[in-house]
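Summary of the model geometry
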Amino acid sequence: MEIRIERTTAPKQKPADESKLGFGKIFTDHMFIMNYDEGQGWHDARIVPYGPIVLDPSASVFHYAQECFEGMKAYRCADGHIQLFRPDCNAKRLQDTHERLCIPKIPVEDFVEAVRALVDVDRDWVPHIDGASLYIRPFTIATMPQLGVHASTMYQFIIICSPSGAYYAEGINPVKIYVESEYVRACPGGTGYIKCGGNYAASIAAGEKAEKLGYSQVLWLDGVERKYVEEVGSMNIFFKIDGEIYTAACVGTVLPGVTRRSCIELLKSWGYTVHEGKLAIADVMKAAADGKLEEVFGTGTAAVVSPVKQLDYEDQSALIGDGKIGPVTQRLYDELTGIQWGRLPDTHNWTVRV
Ligand code: COI
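Cut-offs applied
Residues numbered from 1 in each chain as written. Predicted model: local features only at pLDDT ≥ 70, side-chain atom pairs only at ≥ 80, totals over all residues. Heavy atoms only, no water. Core = buried A, V, L, I, M, F, W, Y, C linked by side-chain atoms within 4.5 Å. Buried < 20%, exposed > 50% of the residue type's maximum accessible area, 1.4 Å probe, protein only. Helix = DSSP H or I, 4+ residues; strand = E, 2+ residues; numbered from the N terminus. Contact = heavy atoms within 4.5 Å. Salt bridge = Lys/Arg side-chain N within 4 Å of Asp/Glu carboxyl O. Phe/Tyr/Trp six-rings, centres within 6.5 Å; stacked < 30°, edge-to-face > 60°. Lys NZ or Arg CZ within 6 Å of the ring centre and 35° of its normal.

1. A look at the nonpolar core
In this structure, Phe 32, Phe 111, Val 119, Ile 136 and Phe 157 are the most contacted members of the largest nonpolar core, which totals 37 residues. Only strand 2 (30-37), strand 3 (41-49), strand 5 (72-76), strand 6 (82-85), helix 2 (87-100), helix 3 (108-121), strand 7 (133-142) and strand 8 (154-164) provide two or more residues apiece to this core. When residues in this core are grouped by element, the largest group, nine residues, is from helix 3. With residues up to four places along the chain from it excluded, the contact list for Phe 111 reads Glu 70, Met 72, Pro 87, Asn 90, Ala 91, Leu 94, Ile 106, Pro 138 and Phe 157. Within the second largest apolar cluster, 26 residues are counted, among which are Tyr 168, Ile 177, Ile 237 and Val 308.

2. Examining the side chain of Gln 95
Tracing the backbone through its elements, the reader meets Gln 95 in helix 2. Note on Gln 95: relative accessible area 18%, which makes it buried.

3. Things to note about unusual backbone geometry
The bulk of non-glycine residues show a negative phi, and the bulk of peptide bonds are trans. Backbone geometry at Arg 226 places phi at a positive 55 degrees, although glycine is not the residue there. In this structure, Arg 226 sits in the loop between strand 10 (217-220) and strand 11 (236-241). One non-glycine residue with positive phi stands out, namely Asp 242, at about 50 degrees.

4. Looking at the pattern of salt bridges
Scanning the entire structure with this criterion turns up 17 salt bridges. Via salt bridges that share partners, Arg 86, Arg 261 and Glu 265 belong to a single interconnected network.

5. A short note on the packing of aromatic side chains
This structure, assessed with the given rule, holds 12 aromatic pairs. For the pair Phe 23 and Tyr 167, a centre-to-centre distance of 4.8 Å together with 85 degrees between the ring planes defines the contact as edge-to-face. Here Tyr 167 lies in the loop between strand 8 and strand 9 (175-180) and Phe 23 lies in the loop between strand 1 (4-5) and strand 2, a separation of 144 residues in the sequence. Under the relative-accessibility criterion, Phe 23 is labelled partly exposed at 22%. Residue Tyr 167 is classed as partly exposed on the basis of its relative accessible area, which comes to 31%. Above the plane of the ring of Trp 270 lies Arg 331, whose end atom (NZ or CZ) is 3.8 Å from the centre.

So this is what it looks like as structure tokens:
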């Protein structure tokens, strides 16, 4: 793939204090764009100055949400080099998402090349301090100007980047989670396993409700029986009960997280039994009451590895451990961030240099 590069003539001021970045609030100097037109395929790959895009008000994305995205990060290592974490996994997941949404696929090599090229052009924007990284947001939108409910014949694939710190205001401190029993996120046959904007739009009402009640996030139950734990929306979720690890299986309603997969691989390599399957919320609450719910943590690109200190479900409250990050959660966080920032050897070949 050939990428045309047009550099900005008016670079923006970089953040003066990288400890106050927050998440996804400021954007770098450039963005990647590539168009798709039926008969022509994906074409015109370019890196251009970051700025507004012009779309027809009838573009399908505005009406029927034929849209999807990815989330990944670039890390600056102590020796100054910059690396990505398993970008091929994001590329493959985007292909699965495109397939479900009837969007033509982007070859894995082209996706990775586009991300690398953009991060390279904006490399001075990759934060220097511990815990901050360059959050990368690739996304695809349907741009055909027409109001019929059909697959678009025109798309744009765009990548933007945002120097970011922790996703939660709590940072690595444990969060409180509200188990949602009114709204549902996903049902079998739906779009729960892909990263489409519609899944997130539908989750906002529950998130706002939980936030007003003082929680950081919502834990979703399955959409059929409202019995089994699924995910937290911005992260997958794991439970350590009586020495073993449990997480929902990715069987159509749960997002197959890249961090989730990496944590399972690490946990297994350390000798833990990891169950990927159905786990009833009633069993989680019972384990808590019996003193067997040892740790709960979420995993995600933005959330990294995020400890949970409290789960509230209907009128029951589960307090986890002593309210502090547990030893397995801490070990996963240290190992994963150690590999991502190049502090630990990458024995799994997960990182890719920019
Ligand atoms: C990510 O972790 O990259 C995500 O896309 C989750 C998003 C809700 C911030």
